[in-house]
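In case you want the letters, here they are:
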Amino acid sequence: MAGHSKWANIKHRKARQDAKKGKEWSRAARAIIVAAKAGGGDPATNLTLRYAIDEAKVVNMPKDTIEKAIKKGTGELQGGNYDAVIYEGYGPNGVAVLVETLTDNRNRTAGEVRMIFDKSGGNLGTAGSVAYLFTQKGAISVPEDQVAEDKIMELAIEAGAENVELADGYWQITTEAGDYQQVRQALADADIAVESAGVTMIPANTVEVTGSDVKRVLNMLDALEDQDDVQKVHANFDIPEEELAALED
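Report on the accompanying structure. Here the structure is a predicted model, which means the values were calculated and not measured. (Residues numbered from 1 in each chain as written. Predicted model: local features only at pLDDT ≥ 70, side-chain atom pairs only at ≥ 80, totals over all residues. Heavy atoms only, no water.)

## Examining the nonpolar core
Item 1. Counting residues in hydrophobic clusters, the biggest one holds 22 residues, and the most contacted among them are Val95, Val97, Val99, Phe117, Leu221, Leu224 and Phe237.
Item 2. Elements represented by at least two residues in this core include exactly strand E1 (83-90), strand E2 (96-103), helix H5 (106-119), helix H8 (212-226) and strand E9 (230-235).
Item 3. Among the elements that take part in this core, H8 stands out by supplying 6 residues, more than any other.
Item 4. Excluding residues within four positions of it along the chain, leucine 224 makes contact with Val97, Val99, Val113, Ile116, Phe117, Val230 and Val233.
Item 5. Residues Val142, Trp171, Ile192 and Ala197 belong to the second largest nonpolar core, which totals 21 residues. (Core = buried A, V, L, I, M, F, W, Y, C linked by side-chain atoms within 4.5 Å. Buried < 20%, exposed > 50% of the residue type's maximum accessible area, 1.4 Å probe, protein only. Helix = DSSP H or I, 4+ residues; strand = E, 2+ residues; numbered from the N terminus. Contact = heavy atoms within 4.5 Å.)

Put into structure tokens, the structure is as follows:
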């Protein structure tokens, strides 16, 4: 969990600094469109759509924008013909990387993702080459100052969370994928604001990254996340505390 937590928090700070609201909304809209297309426009019966809407709300997407995305997915409005494609490979220092994309042009996306791997000193692999290293989990981050330890522990565990730990100023809550929604709802009912929330891929083991490889790995992941068709990037690295501190100075 440590590698995921640190990477998630680095991304949260970067997102606040860069204010990439437009890109976050675009990604959220694509996820909603694809979910609605595959399973219908009712989140009560389409769990994937419910997750996508939940993530859209975390990035403050307006309700009418969410509704338009659903209608594009169900065919009530035109637009939104995307395919879900996952790319797998290894980055610097043998870090496993899993890249989720939604694309309207597979050839373009594959070429751009491959180029990022190559330029970073990594290698794009075949389907299944790293996916076995990750497990789908619910992951929720709550700023430490939002809630006391005893309250977040009791609330999350009673709602079905697997684990709650404090890392880099955030309460990191992990759930089974099927329990994510009820834990997320329990926090909402208690008026606890979250920094991020969603169903993600958690690595079973992490690879420690130090020295010059820290920037190489982070630059690669940043480049992947900046690619327009990329939805989510997962990696199994861990950065020691002293390396993180030096990076933020």
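Still more ground to cover, so stick around.
## A word on the packing of aromatic side chains
Item 1. Here the structure, examined in full by the defined rule, presents 1 aromatic pair.
Item 2. With 5.5 Å between their ring centres and 75° between their planes, tyrosine 51 and tyrosine 180 make a pair best called edge-to-face. Residue tyrosine 51 is found in helix H3 (residues 47-58), and its partner tyrosine 180 is found in helix H7 (residues 180-189); the two are separated by 129 residues along the sequence. Tyrosine 180 matches tyrosine 51 in its accessibility class, with the two residues each being buried. (Phe/Tyr/Trp six-rings, centres within 6.5 Å; stacked < 30°, edge-to-face > 60°.)

## Side note on the sheet that holds strand E4 (residues 134-143)
Item 1. The sheet built from 4 strands is open, its strands ordered E5-E6-E4-E7 with antiparallel pairing. This sheet does not close on itself; its edge strands, each paired only once, are strand E5 (163-167) and strand E7 (196-203). If you compare each strand with its neighbour and ignore which way they point, the axes differ by 35° on average.
Item 2. Where E4 meets E7, 8 bridges bridge the pair, whose relative direction is antiparallel. Residue pairing in the sheet places lysine 137 in a bridge with threonine 200 of E7.
Item 3. Sheet strands touched by H7: E4, strand E6 (170-176) and E7. Its angle to E4, the strand with the most contacts, is close to 5°. (Pairing = 2+ DSSP bridges. Axes fitted to C-alpha atoms, helices over the stretch in contact; angles between N-to-C directions.)

## A look at the pattern of salt bridges
A side chain with one charge may pair with a side chain of the opposite charge, provided their charged atoms come close.
Item 1. Per the stated rule, a full pass over the model turns up 10 salt bridges.
Item 2. With its nearest N and O atoms 2.7 Å apart, the salt bridge here joins arginine 108 to aspartate 229. One end of the pair, arginine 108, is in helix H5; the other, aspartate 229, is in the loop between H8 and E9, and 121 residues separate them in sequence.
Item 3. Residue classification places arginine 108 among the partly exposed positions, given a relative accessible area of 31%.
Item 4. Measuring nitrogen to oxygen at the nearest pair gives 3.0 Å for the salt bridge that ties lysine 137 to glutamate 162. Separated by 25 residues along the polypeptide, lysine 137 in strand E4 and glutamate 162 in the loop between helix H6 (149-159) and E5 bring together distant segments of the chain.
Item 5. By relative accessible area, which is 14% here, lysine 137 ends up buried.
Item 6. Taken together, the shared-partner salt bridges connect Arg30, Asp104, Arg108 and Asp229 into one network. (Salt bridge = Lys/Arg side-chain N within 4 Å of Asp/Glu carboxyl O.)

## Let's talk about the packing of H3 against H7
Item 1. Relative orientation of the contacting elements H3 and H7 amounts to 35°, with a least axis distance of 11 Å. The chirality of how H3 crosses H7 is left-handed. Where H3 approaches H7, its residues Arg50, Tyr51, Asp54 and Val58 are matched on the opposing element by Tyr180, Gln181 and Arg184.
Item 2. Grouping the constituent residues of the contact of H3 with H7 by class yields 3 nonpolar, 1 polar and 3 charged. (Left-handed = near helix turned anticlockwise from the far one by under 90°. Nonpolar A, V, L, I, M, F, W, Y, C, P; charged D, E, K, R; others polar.)

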